[in-house]
Amino acid sequence: RVEYGTTTAYGTSTPTTSTRQTAHSVTLTNLTAGTAYQFRVHSVNSSGSPASSQNSSFTTSAALAITGVQVTGITPTGATITWTTNLASDSQVQYGATTAYGSATAVTATRQLSHSVNLSGLTAGTQYQFRARSADAEGAVVLSGNYSFTTSSNLAVTAVQVSGITATGATITWTTSAPADSQVQYGTTTSYGSATPVSATRQTSHSVTLSGLTGGTTYQYRVRSADAAGTVALSGNFSFATQAALTATGVQAIGVTASGATITWTTNQAADSQVQYGTTTAYGTSTPITTSRQTSHSVTLSGLAAGQTYQYRVRSANASGAVVLSGNFSFTTSSALTISGVQVSGVTTSGATITWTTSEAANSQVQYGTTISYGQSTAVTATRQTAHSVTLTGLASGTAYYFRARSVNLGGTVALSPDFSFTTAQVAPTTVTIIVDTTPTGLPVQVDGATLTAPQTFQWTPGSSHTLGALSPVGSGRSRSYFQRWSDGGPQSRTISVPASAARYTAIYVTRHKLAGDVVPRDSGTLVAAPFSADDYCEEGSPVVRAATSNSEPPFLSLQGDLTSKVTPRTVMMTGPLSIVTAFATGLHSHQSRRLGNRYPERCDRRWHPHDFARMRDSGWSEGLFVECDGGSRGPAGYRAMWPTGQARPAISPLNSVDGQVTANSWARGRAGILIS
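The rules behind each value
- Residues numbered from 1 in each chain as written.
- Predicted model: local features only at pLDDT ≥ 70, side-chain atom pairs only at ≥ 80, totals over all residues.
- Heavy atoms only, no water.
- Core = buried A, V, L, I, M, F, W, Y, C linked by side-chain atoms within 4.5 Å.
- Buried < 20%, exposed > 50% of the residue type's maximum accessible area, 1.4 Å probe, protein only.
- Helix = DSSP H or I, 4+ residues; strand = E, 2+ residues; numbered from the N terminus.
- Contact = heavy atoms within 4.5 Å.
- Salt bridge = Lys/Arg side-chain N within 4 Å of Asp/Glu carboxyl O.
- Pairing = 2+ DSSP bridges.
- Axes fitted to C-alpha atoms, helices over the stretch in contact; angles between N-to-C directions.

Some words on the nonpolar core
Of all hydrophobic cores here, the largest spans 19 residues; its most connected members are Val447, Trp460, Leu468, Trp486 and Tyr509. Mapped by element, the contributors of at least two residues to this core are strand S38 (432–439), strand S39 (444–447), strand S41 (456–460), strand S42 (465–470), strand S43 (479–486) and strand S45 (503–520). Excluding residues within four positions of it along the chain, Val447 makes contact with Val436, Leu452, Phe458, Trp460, Thr467 and Leu468.

See below:
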């Protein structure tokens, strides 16, 4: 027997069993679930001796309960029913078109707290009633209340697109095959993590705008729609990248004058333009917002005060309404600055120098290019001055360039000259052919210190310097070449600057031949050439006059060798080397010679030696006989006279004779001829 109750007073007792045993078991029923009970046991043996236990207690378990019944994954032919029990129990769903159900899933063998049962084979677009059933291990059965769901039709999602992407948002559009609600699930991964609210309106054309996104970020997304029957359609995964946040960079003030300035800047997206400006950072004045959106912005401020510092910032807004404001900048207006005297000089194949003057000290810059849009500019000089000079380099040869000068004074005033132009020179050949030759060819020439045999060909750079030299005389024989002139008129030794085109430099020589002379006997006279030549070499083809002159009494006899003549002077043409010997008489000797008659021997005290007579005769002299008469009272004396062949016979004077009047002495001294006894 067991006494039990909710207190130690118990109050309830089981009937006493009639069977006596040592192992006892009594079942208590009709207890209250989840209640603490006190109990003790009693036993009596066959002798009637009683025994009672101490008090013990237990708590009944809670009643089996079902909670959280849900329907998910509804399709045209199925759905999933989930629920939870407080005790491990099996799972079953009873379902049907009415609350009588009529159909039930098989009871699962596994007991668990979380239950999920799939219904299949359902009819599309049909409402179903159902309830969940679970039984624990002790057989306690619990049934949920009644629930319902409607299977869906075949709902499909198509034409998913993204548009209107900005730095912070985008619009997602799609179409469903039947009216359904709208939702977009999105995030930076395919786990999404964010979703738009489900729209209350069911339609086939869907549009959902995402906002609050991060600029420059890639987002993953899918769309979800559910029809009236609860059919859910999910699209596949899509992605898009938001635009970078709107930025304004490169803010600068250009073209600052005494009354205005131009503010320029760049945005990373097409946006409108506005400048806020004033004499303080409160600004106070704004330009109108431009209607066109662009990335390169230029706004001109006008009506400013001269010599005033202005604060400004730029403002741009893109098509999505995103606004960017730059930081603060400033510029100072200035007095008028003018440019004058623009000139171009030093134009080469690759450069030119631009000079100009400004009305006050200012820096220097040249804007230039092959069109009046320029496109290039020199670096701005750090020095401010009134006389400006800027050299352009790296230009293309033979090209027309446009340019203008630009100067900015200390106050920021900008002065721009009108447009000017110039054309670079054509590029000269890298090298040109230069030939160094001689006339006649084959003679030696000196080129840059080296002695070479002409002709010589060189490839030289235009403008480079080289030395040329002509040797003179050339040769060691009886015929030599003498430098006369260069073909271009330069000096014998010269330095040339290589011209821009091919050229030939020819050293022109003349040939001179040796005109050798000798006198026989030695020192008896001289032989003179005209024109005079210091080295006895005379130009080929030229006439040379040779004149013989006796040093004393010995008279000229003849020219011998390559020129034979008994006459002096004589002219000879220089057709080659010549050797000419001049012969003179040896002189008179005092001796007694044979005479005709024996009278007045004193008149014959100066006579020629017989061998002189023979030599003269051998040289071709003419001879004749003269007879001297002395007034008829003296006997005659016989004489022979000789004179150069080709000359007239000399007159005989002053003595009477058959041939004239002459004395030996006067004849000899007159050198008209030679009188020999």
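Topic: the pattern of salt bridges
Oppositely charged side chains are able to pair whenever their charged atoms sit close together. One pass over the structure, following the stated rule, counts 7 salt bridges. The partner of Arg315 in a salt bridge is Asp272, and the shortest N-O contact between them spans 3.7 Å. Highlighted residues: Arg315 in strand S27 (residues 309–317) and Asp272 in the loop between strand S23 (261–271) and strand S24 (274–278), separated in sequence by 43 residues. Of the two residues examined, Arg315 and Asp272, each falls in the buried class. For Asp437, the salt bridge is made with Arg504, and the minimal N-O distance between the two is 3.2 Å. With Asp437 in strand S38 and Arg504 in strand S45, the pair connects residues that are 67 residues apart, well separated along the chain. With a relative accessible area of 10%, Asp437 lands in the buried category.

Describing the sheet that holds S39
Reading across the sheet, the 4 strands line up as S40-S39-S42-S44 and stay open at both edges, with antiparallel pairing between neighbours. Since the sheet does not close on itself, it has two edges, and those belong to strand S40 (450–453) and strand S44 (493–497), each with one partner. Geometrically, the sheet is characterised by an average inter-axis angle of 30° between neighbouring strands, direction not taken into account. With 5 bridges connecting them, S42 and S44 associate as antiparallel partners. Looking at the pairing, His466 lines up with Ile496 of S44.

Purely spatial values, then, with no claim about function.
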